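So you can see what is in the structure, the chains are spelled out below.
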Amino acid sequence: MLSTVAVNGEVKRWEDLRLHDFAQGFFFGAGFFTTFRIEDGAPLFLSRHLRRLTASLAAHTDNVRAPSPELLEPASVRDTLRRCLAADPLLGPRFQGIGKLSASDGQLLLTLRPHAPDAERLQHEGRAILTVEHGAYRHGETSPNHKGLSYFRQFSRMQQLPVLANELAHACELPTANLFVLLDGALVTPPLDAPCLPGVIRAVLLDSGSIDGVPIMEQALPLARLAEARAGVFTNAAVLATGVPRLLGHTLPESLSLAARLREHILTMASRED
């Protein structure tokens with residue numbers, strides 16, 4: 001993470017933050033966050049990210065003290081980001097990387113980091129998914145629909161990257177991404193009540209309806225049917241779309257080309273929003 005941050009729109013240095021200003025979020029995970037991609041200094045799909053963050057705060061008013069609504073307006077966040085980039089010569093107005101907005105204790109914290117060192121390699125090589133965590137979620141559980149600061153469960157599984165499944169033996173998501181598979185002539189992702197996070201890139205793809213004539217839809221995804229998939233990708237705001245060349249022991253040779261087409265499609269959609 002880079003040292004320049006912002007709290008409630010005020011540009012600061014990370015080392016100058018006071019822990020007691022974020023006590024509920026730090027000690028109890030009582031807050032929410034969203035992570036967005038920054039291209040040439042511009043945040044992608046910022047309005048969508050802020051709508052999801054605002055919705056999570058509105059659903060937990062008894063547990064999380066939200067920042068002022070004005071701070072969650074796209075224009076306010078864009079201005080804060082612009083001033084952060086201008087204040088730090090290591091960033092600059094053409095910064096490429098990742099922004100994170102964390103809301104807790106009535107504060108809105110913006111932090112920045114460069115792209116992961118392996119991000120470009122993953123675009124070309126993809127990432128195999130080899131295992132399943134059975135019973136990780138219960139069908140209809142609502143907590144995975146919110147990106148909470150209490151993120152240790154997902155974080156601890158990032159290296160292994162299993163398919164997280166529910167008690168019905170249906171796929172839900174990956175620890176930090178949504179899963180899509182090409183199945184029965186459609187690009188399918190589990191529904192929100194599987195449950196899974198309403199990922200921003202997931203929503204962008206669903207809203208677009210199709211790619212190259214292939215429908216994109218929500219559908220319950222039994223683990224047993226993953227063996228029938230022709231291709232697989234996982235999506236999140238940081239990497240957009242990553243191919244899954246091998247899924248639970250099955251080789252999916254179409255995954256890398258599908259991921260490349262999806263990334264191009266997503267960037268086209270981004271140019272039309274915000």
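The structure contained in this document is the topic of the report that follows. (Residues numbered from 1 in each chain as written. Predicted model: local features only at pLDDT ≥ 70, side-chain atom pairs only at ≥ 80, totals over all residues. Heavy atoms only, no water.)

Among soluble globular proteins, nonpolar side chains are generally buried collectively. With 23 residues, the main nonpolar core has Leu53, Leu57, Leu101, Leu108, Leu110 and Leu112 as its most contacted residues. When contributions to this core are tallied by element, the ones reaching two or more residues are β3 (32–39), α2 (46–58), α3 (74–87), β5 (97–104) and β6 (107–113). In this structure, Phe45, Leu182, Ile216 and Leu240 belong to the second largest nonpolar core, which totals 21 residues. (Core = buried A, V, L, I, M, F, W, Y, C linked by side-chain atoms within 4.5 Å. Buried < 20%, exposed > 50% of the residue type's maximum accessible area, 1.4 Å probe, protein only. Helix = DSSP H or I, 4+ residues; strand = E, 2+ residues; numbered from the N terminus.)

As a further point, take unusual backbone geometry. Along the chain, Ala194 connects to Pro195 via a cis peptide bond; the corresponding omega equals 10°. Take Pro195: it is sitting in the loop between β11 (186–189) and α6 (200–208).

Right, let's talk about the side chain of Thr34 for a bit. Structurally, the position occupied by Thr34 is in strand β3. Thr34 sits in the buried class, given a relative accessible area of 0%. Here the side chain of Thr34 touches Arg52 through a polar contact of 2.9 Å, side chain to side chain. When sequence neighbours within four positions are dropped, the list of residues in contact with Thr34 reads His49, Arg52, Leu53, Gly99, Lys100 and Leu101. (Polar contact = N/O pair within 3.5 Å; in protein donor to acceptor, adjacent residues only side chain to side chain. Contact = heavy atoms within 4.5 Å.)

This next bit is on the sheet that holds strand β1 (residues 4–7). Read across the sheet, six strands follow the order β2-β1-β6-β5-β3-β4 without closing on themselves; strand pairing throughout is antiparallel. Each edge of the open sheet is held by one strand with a lone partner, namely β2 (10–13) and β4 (42–43). Looking at chain direction, β5 and β6 are connected through seven bridges and run antiparallel. When the bridges of β6 are listed, Leu101 appears paired with Leu110. Along the sheet face, α2 touches β3, β4, β5 and β6 and points at about 175° away from the line of β3. Along the sheet, α3 makes contact with β1, β2, β3, β4, β5 and β6, crossing β6 at roughly 45°. (Pairing = 2+ DSSP bridges. Axes fitted to C-alpha atoms, helices over the stretch in contact; angles between N-to-C directions.)

This paragraph deals with helix α7 (residues 255–271). Spacing of three or four residues puts side chains on the same side of an α-helix, whose turn is 3.6 residues. End to end, α7 covers 24 Å across 17 residues, agreeing with the expected 24 Å (1.5 Å per residue, within 8%). Of the positions making up α7, those classed as buried are Ser255, Leu258, Ala259, Leu262, Arg263, His265, Ile266, Met269 and Ala270. Buried residues along α7 sit against α4 (119–125), β11, α6, β12 (210–211), β14 (231–236) and β15 (240–243). (Expected span 1.5 Å × (residues − 1).)

It is worth spelling out the state of the cysteines at this point. As enumerated under the stated definition, the model contains zero disulfides in all. With no disulfide of its own, Cys172 lies closest to Cys196 among cysteine sulfurs, the gap being 7.4 Å. Judged by its relative accessible area of 1%, Cys172 falls in the buried class. (Disulfide = S-S within 2.5 Å.)

Taken together, the side chains of Leu19, Phe26, Phe27 and Phe28 make up a nonpolar region of the molecular surface, amounting to roughly 490 Å² of accessible area. Here Phe26 is to be found in helix α1 (residues 23–28). (Patch = residues over 30% accessible without salt bridge, like charges linked within 9 Å, V, L, I, M, F, W, Y side chains within 5 Å. Areas by Shrake-Rupley, 256 points an atom, 1.4 Å probe, with all protein chains shown as cover. Salt bridge = Lys/Arg side-chain N within 4 Å of Asp/Glu carboxyl O.)

Further remarks concern the sheet that holds strand β7 (residues 132–137). In a beta sheet, neighbouring strands pair by backbone hydrogen bonds and run either parallel or antiparallel. Read from one edge of the open sheet, three strands run β7-β8-β9, paired in mixed fashion. The open sheet has two free edges, formed respectively by β7 and β9 (171–173), since each of these has just one partner strand. The average undirected angle you get between the axes of adjacent strands in this sheet is 50°. Two strands pair when backbone bridges link them, and strand β8 (residues 163–166) and β9 are joined in this way by two bridges, in the antiparallel orientation. Residue pairing in the sheet places Ala165 in a bridge with Ala171 of β9.

Quick look at the pairing of strand β10 (residues 178–183) now. With respect to burial, β10 is a largely interior element, six of its six residues being buried. Burial along β10 is two-sided: the residues Asn178, Phe180 and Leu182 and Leu179, Val181 and Leu183 are all buried. Note that β10 and β11 share three bridges and pair antiparallel. Along β11, the bridge assignment pairs Val181 with Val188. Between the antiparallel neighbours β10 and β11 lie two residues, among them Asp184 with a positive phi of about 55°.

Evaluation of the coordinates by the stated rule reveals 18 salt bridges. One salt bridge in this structure joins Asp88 and Arg13, with 3.6 Å as the shortest N-O distance. Of this pair, Asp88 sits in the loop between α3 and β5 while Arg13 is found in strand β2, placing the two residues 75 residues apart along the sequence. Two residues, Arg225 and Asp184, come together in a salt bridge whose shortest N-O distance is 2.9 Å. Here Asp184 lies in the loop between β10 and β11 and Arg225 lies in the loop between β13 (214–218) and β14, a separation of 41 residues in the sequence.

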